[in-house]
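Summary of the model geometry
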Amino acid sequence: MSNKLLKGKKGIIFGALDPKSIAWKTAERIHDQGGEMVLTNTPVSIRMGQIDDLVIKTNSLLVPADATSLTDLENLIEKSISHFGSKIDFVLHSIGMSINVRKGKKYTDLNHEWMKKGWDISAVSFHKLIQSLYKKDAMNSWGSIVALTYIAAQRTFPNYNDMADNKAYLESIARSFGYFMGKEKNVRVNTISQSPTLTTAGMGVKGINGFFNYAEKSSPLGNATSEECADYTIMMFSDYTRKVTMQNLFHDGGFSSVGVTQEIIDAIE
Ligand SMILES: NC(=O)c1ccc[n+]([C@@H]2O[C@H](COP(=O)([O-])OP(=O)(O)OC[C@H]3O[C@@H](n4cnc5c(N)ncnc54)[C@H](O)[C@@H]3O)[C@@H](O)[C@H]2O)c1
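This text gives an overview of the structure that appears in the document. Remember, predicted model here, so these are calculated numbers, not experimental data.

**Let's talk about the sheet that holds strand S3 (residues 61-62)**
Strand order in the open sheet formed by seven strands is S3-S2-S1-S4-S5-S6-S7, with parallel pairing between adjacent strands. Only two strands of the sheet have a single neighbouring strand rather than two, namely S3 and strand S7 (248-251). Bridge analysis of strand S1 (residues 10-14) against strand S4 (residues 88-93) gives three bridges, and the strand direction is parallel. Residue pairing for S4: Ile 12 is matched across the bridge by Val 91. Where helix H1 (residues 22-32) meets the sheet, it contacts S1, strand S2 (36-40), S4, strand S5 (139-149) and strand S6 (188-194), and its direction lies at approximately 160° from that of S1. Those strands touched by helix H10 (residues 226-237) are S1, S4, S5, S6 and S7, and its axis lies near 165° from that of S6.

Here it is in structure tokens:
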């Protein structure tokens, strides 16, 4: 269903790799809702993934950028403003990567160089992005910035490894920069904490099927899908959420508020 919630709004979407990506679903929804986009990802992800199909489908501009590079981010913002002929209304940071997770390193035996790289990509890139938008005064008043996160920032999920620490840092950046973006630019900054989802990044986490099924059994409404996450993000980009900022918003079927469900008790008894 489309009620053109984002008609006239323009934004940048990071992180669409393939049709499973949460950012991919979000870009499709934005297009349905009348919004215009610049899509971006790293040159290697553009080569390995399928973003070219999404560019055509959503009639978007593609600008490669490594989100850890200030030069790339500045170029992306300049190209976006020149493409739209106006400032930006919404930005989605849908980026996560841990070399330790990829290589199966246990939390008690981390490679700290890899840890720094994962932290830079998954968390510090959010600060670099917002700081670049801030310095270039690139956002329209009442614009909205969203990053995706996971509940391992608050509770321990052993196999989520150093990504848990990266997500805690990411959520803190949303609050810290949200203050300045709110006060000085009238722009909101939030994180959406999504259910486990079977994407390329999600499937890289050891035991994801166990996570996924446990969360499904523990959530009164069941796991939130990537399409539902896209819908929630659209709402955060719309004018209906103008005073929501500096929040970590759980989008998880109720998982974060549950102690135990009958399904879990039945499964272990
Ligand atoms: N899948 C899940 O279970 C789940 C749950 C909660 C939150 N999230 C978060 O959702 C977001 C999107 O992940 P996804 O599940 O759609 O997986 P995905 O693998 O489709 O997306 C991750 C994206 O990050 C991009 N990326 C990696 N390094 C980058 C860099 N240096 N610069 C720019 N982009 C880079 C990748 O190219 C990829 O497009 C991530 O932040 C992830 O942590 C995922």
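Next comes the rest of the account.
**Structural notes on unusual backbone geometry**
Located in the positive-phi region is Asp 137, a residue other than glycine, with phi close to 45°. Summarising the element assignment, Asp 137 is placed in the loop between helix H6 (112-135) and S5. Here Asp 137 falls in the exposed class, since 10 other C-beta atoms lie within 10 Å of it. Non-glycine residue Trp 142 carries a positive phi angle of around 70°. In this structure Trp 142 comes out as partly exposed when scored by C-beta crowding, with 14 C-beta atoms within 10 Å.

**Digging into the site of the ligand**
Every one of the 27 residues lining the ligand counts as a neighbour, but Ser 21, Ser 45, Gly 96, Ala 201 and Gly 202 are closest to it. Sorting the residues of the shell around the ligand by element identifies H1, S5 and helix H8 (200-203) as the ones contributing at least two each. If you tally residues by element for the shell around the ligand, the top one is H8, at three residues. Partitioning the shell around the ligand into residue classes produces 12 nonpolar, 14 polar and one charged.

**Side note on the environment of Met 181**
Inspection of the secondary structure puts Met 181 in helix H7 (residues 163-185). A residue is classified by how many C-beta atoms lie within 10 Å of it, and Met 181, with 23 of them, is buried. Met 181 has contacts with Ile 130, Tyr 134, Val 187 and Val 189, leaving out every residue within four places of it along the chain.

**Thoughts on the environment of Met 48**
With respect to the secondary-structure elements, Met 48 resides in helix H2 (residues 43-48). For Met 48, a count of 13 C-beta atoms within 10 Å puts it in the partly exposed group. Along the chain, Met 48 and Leu 17 lie 31 residues apart, while their C-alpha atoms are 8.2 Å from each other.

About the thresholds
Residues numbered from 1 in each chain as written. Predicted model: local features only at pLDDT ≥ 70, side-chain atom pairs only at ≥ 80, totals over all residues. Pairing = 2+ DSSP bridges. Helix = DSSP H or I, 4+ residues; strand = E, 2+ residues; numbered from the N terminus. Contact = placed C-beta atoms within 7 Å. Axes fitted to C-alpha atoms, helices over the stretch in contact; angles between N-to-C directions. Buried ≥ 20, exposed ≤ 12 C-beta atoms within 10 Å, placed from the backbone. Near = placed C-beta within 6 Å. Nonpolar A, V, L, I, M, F, W, Y, C, P; charged D, E, K, R; others polar.

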